[in-house]
Amino acid sequence: MTDTITEGEVKMTVRAERNTAQTIREGAAKLFFERGYDATTLRQVASSAGLKVGSLYNHIDSKEDLLLQIMGGIIDDLLERVRQAVANADGGDSVDLLQAALAEHITFHAERAQEVFIGNAELRSLPQGARDVVIKKRADYESFLEALVSAAGQAGLADVIDAKIHVYSFVAQATHIAGWFKHGGRFSLEEIVRIYTRLALRELKVVDADERVGRVVLDSSAT
């Protein structure tokens, strides 16, 4: 009698494989952030996922491949979330769409700070081919933001000096936030998002920037 594998069993296996791969990436990201990529061994990565080193190779080809998965994945996740935020704002004007993108852009960097750090600190650790993949993904993301900035300028709602340079500014600000933001600090994440979104719209001289975003009441006694 031949055992047959049901469709449900196949789905459960696929789901388990995905969960294991995600666990590996999350554990590796934590180790790379705390120890640095070069100082982290695959044995440590396997241990963090509750696996033996040999089993690790069912999910990755090499340590460099694992780093590429993390760095490429963070950009893919960022672009997906920002695109969804823009889609949810559909029906608004071009500044509404840009504002939605910027708010999600800032939120993502604060929430995924460890991976953002790895993405910026460890690019040099990738071999050239993998590095080119990450650079291309970054360029695609920046081009998406540039198109939103340009649209606001073309609609006469923003004063755009150079869309690419404005986007470099927005990316740098979010990367900076990822380096210092902590929950329970002087401002909540929601307040930080509103402050930096206002700064971005003011940079573009959007005349009603404050009204669009809403003001944050600053408490001078807060620490």
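Rules used throughout
Residues numbered from 1 in each chain as written. Predicted model: local features only at pLDDT ≥ 70, side-chain atom pairs only at ≥ 80, totals over all residues. Heavy atoms only, no water. Helix = DSSP H or I, 4+ residues; strand = E, 2+ residues; numbered from the N terminus. Buried < 20%, exposed > 50% of the residue type's maximum accessible area, 1.4 Å probe, protein only. Areas by Shrake-Rupley, 256 points an atom, 1.4 Å probe, with all protein chains shown as cover. Salt bridge = Lys/Arg side-chain N within 4 Å of Asp/Glu carboxyl O. Contact = heavy atoms within 4.5 Å. Axes fitted to C-alpha atoms, helices over the stretch in contact; angles between N-to-C directions. Parallel < 35°, antiparallel > 145°, perpendicular 65-115°, else oblique. Left-handed = near helix turned anticlockwise from the far one by under 90°. Phe/Tyr/Trp six-rings, centres within 6.5 Å; stacked < 30°, edge-to-face > 60°. Lys NZ or Arg CZ within 6 Å of the ring centre and 35° of its normal. Expected span 1.5 Å × (residues − 1). Core = buried A, V, L, I, M, F, W, Y, C linked by side-chain atoms within 4.5 Å.

Q: I tried to follow the overall build of the protein on my own but got confused; where do I start?
A: When helices and strands are tallied, the protein shows 10 helices and zero strands. When the elements of the protein are put in sequence order from the N terminus, they spell out α-α-α-α-α-α-α-α-α-α. Across the 223 residues in the protein, those meeting the buried criterion constitute 39%. Of the roughly 12600 Å² of accessible surface on the protein, 52% is carried by carbon and sulfur atoms.

Q: Before we go on, may I ask you to explain the pattern of salt bridges in this structure?
A: Under the defined criterion, the tally for this structure stands at 14 salt bridges. One salt bridge connects K30 with E34, and the closest N-O pair in it is separated by 2.7 Å. You can see K30 and its partner E34 sitting in helix α1 (residues 7-35), four residues apart, about one turn around the helix. By relative accessible area, which is 48% here, E34 ends up partly exposed. Among the ionic pairs, R212 bridges to D208, the shortest N-O distance being 2.9 Å.

Q: How should the side chain of E146 be read in this particular structure?
A: Tracing the backbone shows E146 in helix α7 (residues 128-154). Judged by relative accessible area, which is 14%, E146 ranks as buried. Setting aside residues up to four positions removed in sequence, E146 forms contacts with A163, K164 and V167.

Q: Would you mind going over the packing of helix α8 (residues 163-180) against helix α9 (residues 189-203) with me for this structure?
A: Axes are the key here: two packed helices are described by the angle between their axes and the distance separating the axes. At their nearest, the axes of α8 and α9 sit 11 Å apart, and the two run at 160 degrees to each other. Regarding the angle of α8 to α9, the classification is roughly antiparallel. As for the relative orientation of α8 and α9, their crossing is right-handed in sense. Where α8 abuts α9, its residues H166, S169, F170, Q173, H176, I177 and W180 lie against I192, Y196, A200 and E203.

Q: Explain the packing of helix α5 (residues 94-111) against α9 to me, please; I cannot follow it from the model alone.
A: Two numbers describe how α5 lies on α9: the axes approach to 9 Å, and their chain directions differ by 135 degrees. Comparing their axes, α9 and α5 come out oblique. Seen from above, α5 lies across α9 with right-handed handedness. When α5 is examined against α9, the residues V95, L98, Q99, L102, A103, I106, T107, A110 and E111 are found in contact with a partner set consisting of L189, I192, V193, Y196, T197, A200 and L201.

Q: Sorry, what's going on with the packing of aromatic side chains here?
A: Each aromatic ring pair is described using two quantities: the centre-to-centre distance and the angle formed by the ring planes. As enumerated under the stated definition, the model contains three aromatic pairs in all. Here the aromatic rings of F32 and Y37 are separated by 5.2 Å at their centres, their planes lie at 70 degrees, and the arrangement is edge-to-face. Between F33 and F117 the ring centres are 5.3 Å apart and the planes differ by 85 degrees, which places this aromatic pair in the edge-to-face class. Note that F33 is positioned in helix α1 and F117 in helix α6 (residues 113-121), a separation of 84 residues in sequence. One residue, K63, lies across the ring of Y37, its end atom 4.4 Å from the ring centre. The lysine or arginine in question, R83, covers the ring of F144, its NZ or CZ lying 5.5 Å from the ring centre.

Q: What's the story with α9 in this structure? I'm lost.
A: Note: α-helices contain 3.6 residues per turn, so residues at a spacing of three or four share the same orientation. Helix length check: α9, at 15 residues, gives a terminal C-alpha distance of 21 Å against a target of 21 Å (1.5 Å per residue), a fit within 8%. Packed against the buried residues of α9 are α5, α8 and α10 (209-213). Directly after α9, the chain includes K205, whose backbone phi takes a positive value near 55 degrees.

Q: I keep staring at the nonpolar core and nothing clicks. Help me out?
A: Inside soluble globular proteins, nonpolar side chains tend to come together where they are buried. If you look at the biggest cluster of nonpolar residues, it comprises 49 residues, and the most contacted ones within it are F32, L66 and L201. Among the elements of the structure, α1, α2 (42-48), α4 (63-88), α5, α7, α8, α9 and α10 are those that each provide at least two residues to this core. When sequence neighbours within four positions are dropped, the list of residues in contact with F32 reads Y37, T40, K63, L66, L67, I70 and I118. With 10 residues, the next largest nonpolar core counts A110, F187, L189 and Y196 among its residues.

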